[in-house]
Amino acid sequence: MPPYPSLHASHSGIWISGTDGSTQAISKGQAIGRVSETPHILLNAPLMGQRLGYPDLSGLDLLELFAFMYPARFVVPTPAGLAKTLGLKKPEEEAAVGRLYREAAWKMLNGLQADDWIEKEGAWSSAQALHRLRWPWAGELSNRLQKPDEPERWLFSKLVEWEEEAPRPAPKSVILDNAHTLEKLNILTGEGSEERLGQKNYATAVAEIFNPRRIKGAPNMLLAEAGTGIGKTLGYLAPASLWSATAGGAVWISTFTKALQRQLDRETRRIYPDEQTFRKKVVVRKGRENYLCLLNLEDALQGGFTGRAAILAHLVARWAAYSKDGDMIGGDLPGWLTTLFRRNGTTALTDRRGECVYAGCPHFRKCFIEKSSRASQQADIVIANHALVMVNAARGREKQNAPTRLIFDEGHHLFDAADSMFAARLSGQEAIEIRRWVIGPESRNRGRRRGLAARLADVASYDEEGGRAIESARHAAEALPGEAWLTRLSEREPFGPVEALLAEVRNMVFARDESQSADAGYGLETELNDVEGPLIDAVANAAEAIDALLRPLVRLGQRMEHLIEEGPDWMDAPARARMEGALSSLSWRCDTLSGWLALLSRIGGPADPDFVDWLMIDRFEGREYDIGICRHWLDPTIPVTETVTKQAHGVMVTSATLRGGGNWETARARSGAVHLEHAPMEFEVPSPFNYPEQSKVIVVTDVKRGDMPALAGAYAQLIEASGGGTLGLFTAIRRLRTVYARIADRMARSGLPIYAQHVDPIDTGTLVDIFRDDPKASLLGTDALRDGVDVPGNSLRLVVMESVPWPRPDILHRARKLAGGGSAYDDRIIRARLAQAFGRIIRRADDQGHFVILSSAFPSRLFSAFPDGTPIERMPLNDAITEIKAAKTQTVRSGLPRDISFGHESQI
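Since the structure is predicted, the reported quantities are computational estimates derived from the model, not experimental observations. (Residues numbered from 1 in each chain as written. Predicted model: local features only at pLDDT ≥ 70, side-chain atom pairs only at ≥ 80, totals over all residues. Heavy atoms only, no water.)

Describe the overall build of the protein, naming the residues involved and giving the relevant values.
Counting secondary structure elements, the protein contains 36 helices and 23 strands. Against the compact-globule benchmark of 29 Å for 908 residues, the protein has a radius of gyration of 29 Å, which places it among compact chains. Projecting the C-alpha coordinates of the protein onto the three principal axes gives extents of approximately 80 × 65 × 65 Å. Across the 908 residues of the protein, 55% fall into the buried class. For the protein, the proportion of contacts with a sequence separation of at least 24, taken over those separated by at least 6, is 76%. For the protein, the accessible surface area stands at approximately 38,900 Å², while carbon and sulfur atoms represent 49% of it. (Helix = DSSP H or I, 4+ residues; strand = E, 2+ residues; numbered from the N terminus. Rg over C-alpha atoms; globule rule 2.2 N^0.38 Å. Buried < 20%, exposed > 50% of the residue type's maximum accessible area, 1.4 Å probe, protein only. Contact = heavy atoms within 4.5 Å. Areas by Shrake-Rupley, 256 points an atom, 1.4 Å probe, with all protein chains shown as cover.)

Right, here's the structure in full:
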């Protein structure tokens, strides 16, 4: 056994397991004192530190050791999850968890010398580097790892290069036969699978979008609402894969959540069982900011990072050598890894600021982003997300490989994704990013970041006109907000015309605020109308400064295009590559600046009926972090229709709640189908589940609104009645935190673990993994947990909402409500949210559960959000508790099988 004691802390107590095998319960103060003196083995130091009230807790974290030994492997970061993965016995009581930690450490360390350890390559070199960084586990690793006979290959020499391939020809025009579609569906569902008429009808309806379109700009469009349990994933994969194989074209499947992307990645293996074929035929695409940037990683490994951030960089490098695709957000990098490093450098390891030099990068041919992009050009199935599909279309990216067949799954989110994508925001945070992109870092901590002149040194040195454009842009960018701009605004000393504009925006927002939110510390906003005086002058000066920056950037882009075509003698291959790469990010910045000018030009003039404009101050817990002017489309499906839908030949928008509890008019409006000249096809198939027998909706009538002790007590009693397995949904983070703080210790004493989004230092995806893995656990969260979370079986048997999920009454919502039918518009939104939340309960044919709303004022007109026949009853809290207890007891006595596997909806 390792010569270290172990520490385990939870809401129910704190225990230390000594090197002699003894276990002792101790107080928080004693625990903090001991870990400060002696290194202890523990699991998830930030979470334990939170339990102890000691955020600086450190030690021998088992999760860090697991990340070193088994990079790109999955583990649920709990004692039970670790025991299951390592093949150890799960402890029966919390006092025994400390001994498990020591056993887990012993097993992993012994595994360093095992012949079947497949991640051995590179381990010795990484361990030496981590030893120099004083990583707590490095000494134990060095004692057990033998120096290899030959020097180990560095990460950047191990990664496989991508190869250029000929452009893919245009797909053939084919018409899918229903018999062939159903035959393909039968192959995917497997022999002996349940006969499902709804899934078959769905598949043949989807096949229609793959037929040749008749008129340019008028795609074959299908709106399809398929209830939970239909198996819609395989229902559309069958015709999609058949068309791709027959026509030779690519089908893009767009999702809103990373969870569905992962599910699709698994489901498509049914189509291509062979691993090598699968990797060629199916590609997951995400935005650039999701992938590891090898150039940033190299900089971090060579001294760009220090302290704990440097340790993270080396663990990420271990992962990168074994990763499937280099996806750091939702891929095979453990979601919990980056949360172990409180002030981590994760964002600095990706390309979040548009500074990629593309072909000018020494790692360009091994770049994960480029691999994904090029692989998608030859793939049959491309799994993307709504934002990426829209940004590629809006910015004219990959025109030669633009998708002609699109399936928008989770289509009820299409409106919100478009709203975010096509919005304009002139704010201090946005402006300072452009300043840094042009000028480069201005502080002492420079890192690898470089300004425009450094990235285009060849142009600046050898081309006089291009050099003048770069220098003009650099000079003009000094008019944008710089470091400490918020401090200057609060002290009423703005520097430069854009800061002066933001200062006037701040003054006007505070002057016009009538919400009483200023004292409460919430964000503020006010409509952009009836503007006069100082703000008009500030707008004119800011617009002049922004235009002064835009003009040289446009001129630089034109000059670079000319140089690339002309190919002067001084331009070698790396210089050409840098310019070609810079052109893409340059176009993006120019589009942003042009959008700002369009926004400023309308201030003081007549309002544009297609847009909603307002002034805002963003704050978090009373602290201002951004100020600016916002512009959103009143109907964001207009630009989606023009840039995406009309350019395609076939489009499907599908969801289990596409109509949001309303009618097809809602689906047509939220999908943008109303802007097409030809009406879309519409298809509906209800869920096969027996909701009257499997579920019940309870409206609790005696929990007073605003009574936090009563609300917390209700949650605690309901979770206890259900024996865990509860998903608690909140409409406000503050109420979530309050309830969690009040009930966490009580739940722990009852043996019912509870976790909370926005409280526990764990990412949302990992929280769901933990919740799914433990039927006794409960999870509290907000909007992100209301949709796209698939927790089947006994792990989720109760959903509790603390109130009706009314839309936030902000300026944008008010404008859309006025244009969309008043209160009926609100009702459509709420019904959709309720339908999505209710859909978390019944995911399998044998699932059972309750949906509880702690709001006596819940309007009866919203009951239509729930499936037909679902029992709905109003009752006091005590009656609800009695009923949930009885349902739990009946389930246990009846011995009903409950599926707690990791299956997917389409397997029902």
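Can you lay out the pattern of salt bridges for me, pointing to particular residues and giving the numbers?
Where charged atoms of side chains with opposite charge meet at close range, the side chains can pair. All told, the structure shown has 49 salt bridges when counted by the stated rule. For Asp618, the salt bridge identified is with Arg425, shortest N-O distance 2.4 Å. Of this pair, Asp618 sits in strand E13 (residues 611-620) while Arg425 sits in strand E11 (residues 424-427); the two residues are 193 residues apart in sequence, bridging distant segments of the chain. Note that Lys696 is salt-bridged to Glu873, the shortest N-O span being 2.7 Å. Here Lys696, found in strand E17 (residues 695-700), pairs with Glu873, found in strand E23 (residues 872-875); they are 177 residues apart in sequence, far enough to count as distant. (Salt bridge = Lys/Arg side-chain N within 4 Å of Asp/Glu carboxyl O.)

Account for the sheet that holds strand E10 (residues 405-408), naming residues and giving values.
The strands making up a sheet are joined through hydrogen bonds of the backbone, oriented either antiparallel or parallel. With parallel pairing, seven strands are arranged side by side in an open sheet as E8-E9-E7-E10-E15-E6-E16. Looking at the sheet topology across the chains shown, the edges are occupied by strand E8 (282-284) and strand E16 (681-685). Between one strand and the next, the sheet's axes are offset by a mean angle of 15 degrees, whatever the strand orientation. Strand contacts of helix H12 (residues 258-267): strand E7 (251-255), E8 and strand E9 (381-385), with the helix running at about 170 degrees to E9, the strand carrying the most contacts. (Pairing = 2+ DSSP bridges. Axes fitted to C-alpha atoms, helices over the stretch in contact; angles between N-to-C directions.)

Any details on the confidence of the model for the protein? Residues and values, ideally.
Detailed reading of the predicted coordinates is not advisable wherever pLDDT falls low. Mean pLDDT over the protein stands at 89; residues scoring 70 or higher make up 95%. Low pLDDT, under 50, characterises residues 893-908; the predicted model gives this stretch 51 contacts beyond four residues in sequence or across chains. (pLDDT = per-residue confidence, 0-100.)

Explain the environment of Val644 to me, using residue names and the numbers behind them.
With respect to the helices, strands and loops of the structure, Val644 is situated in helix H28 (residues 637-645). Between the C-alpha atoms of Val644 and Ser856, which are 212 residues apart in sequence, the distance is 44 Å. Once you skip the residues sitting within four places of it in the chain, Val644 turns out to touch Val389, Met390, Ala393, Leu406, Phe408 and Pro639.

Outline unusual backbone geometry, listing residues and values.
Peptide bonds are trans in most cases, and residues, glycine excluded, mostly fall at negative phi. Of note, the phi angle at Glu410 is positive, near 50 degrees, even though the residue is not glycine. Counting through the fold element by element, Glu410 comes out in the loop between E10 and helix H18 (414-421). The phi angle at Arg492 is positive, at roughly 60 degrees, despite the residue not being glycine. Relative accessible area serves as the criterion here: at 62%, Arg492 is assigned to the exposed category.

Which residues make up the pairing of strand E22 (residues 849-853), and what values go with them?
Among the five residues of E22, five are classified as buried, and the element is accordingly described as predominantly covered. Sheet analysis places E17 next to E22, joined by five bridges and oriented parallel. Residue pairing across strands places Ser695 opposite Gly849, the latter belonging to E22.

Can you tell me about the nonpolar core, naming the residues and giving the values?
Counting residues in each nonpolar core, the largest one holds 73 residues, and the members touching the most others are Leu62, Phe68, Leu292 and Leu297. In terms of residues, this core owes the most to one element, helix H15 (residues 307-320), which gives 10 residues. When near neighbours in sequence (up to four residues on either side) are disregarded, Leu297 contacts Leu155, Phe156, Leu292, Ala313, Val316, Ala317 and Leu349. Residues Trp485, Leu524, Ile564 and Leu597 belong to the second largest nonpolar core, which totals 56 residues. (Core = buried A, V, L, I, M, F, W, Y, C linked by side-chain atoms within 4.5 Å.)

Please set out the sheet that holds E13 residue by residue, giving values where relevant.
Read from one edge of the open sheet, four strands run E11-E14-E13-E12, paired in antiparallel fashion. Where the open sheet ends on each side, the last strands, each with one partner, are E11 and strand E12 (524-527). Geometrically, the sheet is characterised by an average inter-axis angle of 20 degrees between neighbouring strands, direction not taken into account. As paired strands, E11 and strand E14 (residues 623-633) are joined by four bridges and run antiparallel to one another. Bridge pairing in E14 places Leu426 opposite Ile629. The strands touched by helix H34 (residues 811-819) are E12, E13 and E14; relative to E13, the strand with the most contacts, the crossing angle is about 150 degrees.

Go over the packing of aromatic side chains, please, and point to the residues and values.
Using the criterion set out here, one finds 15 aromatic pairs in the structure. Ring centres 5.7 Å apart and planes at 50 degrees place the aromatic pair Tyr691 and Phe838 in the tilted group. Note that Tyr691 is positioned in helix H30 (residues 691-694) and Phe838 in helix H35 (residues 823-838), a separation of 147 residues in sequence. Among the residues examined, Tyr691 registers a relative accessible area of 9% and is labelled buried. Seen in terms of ring centroids, Phe858 and Phe863 are 5.5 Å apart; in terms of plane orientation they differ by 15 degrees. Their pairing is stacked. Here Phe858 matches Phe863 in class, with each residue buried. If you follow Arg365 out to its NZ or CZ, it ends over the ring of Trp162, 4.4 Å from the centre. The residue whose ring lies beneath Arg659 is Trp664, and the NZ or CZ to ring-centre distance is 5.2 Å. (Phe/Tyr/Trp six-rings, centres within 6.5 Å; stacked < 30°, edge-to-face > 60°. Lys NZ or Arg CZ within 6 Å of the ring centre and 35° of its normal.)

So what's going on with the pairing of E12? Residues and values would help.
Only one face of E12 is buried, namely the one carrying Leu524 and Thr526, since none of Glu525 and Glu527 on the opposite face is buried. Pairing of E12 with E13, which is carried by four bridges, proceeds in the antiparallel orientation. If you follow Leu524 over to E13, its bridge partner there is Ile617.

If you had to explain helix H2 (residues 45-52) to someone new, which residues and values would you point to?
Across the eight residues of H2, seven count as buried, placing the element largely inside the fold. Positive phi appears at Gly53, one or two residues downstream of H2, with a value of about 70 degrees.

I'd like a description of the packing of helix H14 (residues 294-304) against H15, backed by residues and values.
Where H14 meets H15, the axes come as close as 9 Å, and the angle between the chain directions of the two elements is 130 degrees. In this view, H14 runs oblique relative to H15, as classed from their interaxial angle. The two elements H14 and H15 meet at a crossing, and its hand is left-handed. Residues Leu297, Ala300 and Leu301 of H14 form the contact with H15, whose own contacting residues are Ala313, His314, Val316 and Ala317. Classifying every residue of the contact of H14 with H15 by side-chain character gives six nonpolar, one polar and no charged. (Parallel < 35°, antiparallel > 145°, perpendicular 65-115°, else oblique. Left-handed = near helix turned anticlockwise from the far one by under 90°. Nonpolar A, V, L, I, M, F, W, Y, C, P; charged D, E, K, R; others polar.)

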